[in-house]
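Structure at a glance
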Amino acid sequence: NAGVTQTPKFRVLKTGQSMTLLCAQDMNHEYMYWYRQDPGMGLRLIHYSVGEGTTAKGEVPDGYNVSRLKKQNFLLGLESAAPSQTSVYFCASSTRGQPSYEQYFGPGTRLTVT
Amino acid sequence: GEDVEQSLFLSVREGDSSVINCTYTDSSSTYLYWYKQEPGAGLQLLTYIFSNMDMKQDQRLTVLLNKKDKHLSLRIADTQTGDSAIYFCAERGMDSSYKLIFGSGTRLLVRP
């Protein structure tokens, strides 16, 4: 049981390039989330999904797209990277099977856009 | 709106108790959480408290909830150098997303 995994761990992009971050969970969780973490700002929600085939915008969705084609995977895409998207990205998942809906986090992806 | 605030930094001596404070604004929050983040790692859930509780104890950790003042605290007894990390307070949103609203984190430094 690996929990939540993220690929890649590190990436450097040039402005205007695109990339996809992959999140996978093996806990059969219904809910999945993408956050970004910037110094002194805590975690901010980018997009989330409450089930396979559904996605919704979070607090800071601009410049990102997501897809949840399979229950265990949640993809975050950057179509045209900008320096403002330099950040650490965390994926998380949770389940309605636990009343606390606690979220389990992946190890993060550190992205630098030059 | 929803907002969670924490002090940025706390320094304690090894063996002392640490108290990390948090205030939140959403009085309808049902669950409040404490997460720990070690350098270069993801967030690890430490504990949570349901809003109808005033206190929860789990080994060295004690969570106190003052609903009237919307104040949450995490006390770590006998703080060790391994407790040095960033601690995040979070409240659960009330909509169907069950999203978490995080504070900006408190960096705890434990001095030997």
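Okay, so let's go over this structure. Not measured: the values here are computed from a predicted model.

1. As for the overall build of chain B
For chain B, the helix and strand inventory stands at 0 helices and 11 strands. For chain B, whose C-alpha radius of gyration is 14 Å, the value lies close to the compact-globule estimate of 13 Å for 112 residues. Summarising its shape, the C-alpha atoms of chain B cover approximately 45 × 30 × 20 Å along the three principal directions. Within chain B, buried positions represent 45% of all 112 residues. Of the contacts made within chain B by residues no fewer than 6 positions apart, 55% connect residues no fewer than 24 positions apart.

2. Re the sheet that holds strand β6 (residues 55-58) of chain B
Residues and elements named next belong to chain B. On the basis of which strands lie adjacent, the open sheet formed by 5 strands has the order β1-β3-β8-β7-β6 and antiparallel pairing. Of all strands in the sheet, those with a lone pairing partner are β1 (4-6) and β6, marking the two edges. Each strand of the sheet is rotated relative to its neighbour by a mean of 15°, with strand direction disregarded. Bridging between β1 and strand β3 (residues 18-24) involves 3 bridges; their strand directions are antiparallel. What sits directly across from E5, in β3, is T23.

3. Quick look at the side chain of Q6 of chain A
Residues and elements named next belong to chain A. Relative to the helices and strands, Q6 is located in strand β1 (residues 4-7). For Q6, a relative accessible area of 4% gives the class buried. A distance of 3.0 Å separates a polar side-chain atom of Q6 from the backbone nitrogen of G108. In contact with Q6, not counting residues within four places along its chain, are L22, W34, Y89, F90, C91, G106, P107, G108 and T109.

4. A word on the environment of P39 of chain B
Following the sequence through the fold, P39 of chain B ends up in the loop between β4 (31-37) and β5 (43-50). Between the C-alpha atoms of P39 of chain B and N66 of chain B, which are 27 residues apart in sequence, the distance is 30 Å.

5. Regarding the interface of chain B and chain A
At the junction of the two partners, chain B supplies 20 residues and chain A supplies 20 residues. Between chain B and chain A the total buried area reaches about 1600 Å² when both faces are included, carbon and sulfur atoms providing 59% of it. Counting the contacts that link chain B with chain A gives 0 salt bridges. For the pair chain B and chain A, the number of links is 2 residue pairs in polar contact (both at pLDDT 80 or more). Of all the elements in the fold, those that place two or more residues in the side of chain B that touches chain A are β4, β5, β9 (85-92) and β10 (100-102) of chain B. In terms of residue count, β4 of chain B provides more of the side of chain B that touches chain A than any other element does, 4 residues in total. Along the lines of polarity and charge, the residues of the side of chain B that touches chain A split into 11 nonpolar, 7 polar and 2 charged.

6. Describing the pairing of strand β3 (residues 19-25) of chain A
All names here are of chain A. Here β3 shows a buried face lined by M19, L21, C23 and Q25 and an unburied face lined by T20, L22 and A24. Summarising the sheet, β1 and β3 pair through 4 bridges and their orientation is antiparallel. For V4, the partnering residue across the bridge sits in β3 and is Q25. As paired elements, β3 and strand β8 (residues 73-78) share 6 bridges and run antiparallel to each other. Within β8, the residue paired with A24 across the bridge is N73.

7. Quick look at the state of the cysteines
Residues and elements named next belong to chain A. Here the structure, examined in full by the defined rule, presents 2 disulfides over all chains. Disulfide pairing places C23 opposite C91 at an S-S distance of 1.8 Å. Taking the torsion about the sulfur-sulfur bond, which here is approximately -75°, the covalent link between C23 and C91 counts as left-handed. Here C91 lies in strand β9 (residues 87-94) and C23 lies in strand β3, a separation of 68 residues in the sequence. The exposure class assigned to C23 is buried, which follows from its relative accessible area of 0%. Residue C91 is classed as buried on the basis of its relative accessible area, which comes to 0%.

Conventions and cut-offs
Residues numbered from 1 in each chain as written. Chains lettered and ligands numbered in written order. Predicted model: local features only at pLDDT ≥ 70, side-chain atom pairs only at ≥ 80, totals over all residues. Heavy atoms only, no water. Helix = DSSP H or I, 4+ residues; strand = E, 2+ residues; numbered from the N terminus. Rg over C-alpha atoms; globule rule 2.2 N^0.38 Å. Buried < 20%, exposed > 50% of the residue type's maximum accessible area, 1.4 Å probe, protein only. Contact = heavy atoms within 4.5 Å. Pairing = 2+ DSSP bridges. Axes fitted to C-alpha atoms, helices over the stretch in contact; angles between N-to-C directions. Polar contact = N/O pair within 3.5 Å; in protein donor to acceptor, adjacent residues only side chain to side chain. Buried area = accessible area lost by both parts, 1.4 Å probe. Salt bridge = Lys/Arg side-chain N within 4 Å of Asp/Glu carboxyl O. Nonpolar A, V, L, I, M, F, W, Y, C, P; charged D, E, K, R; others polar. Disulfide = S-S within 2.5 Å.

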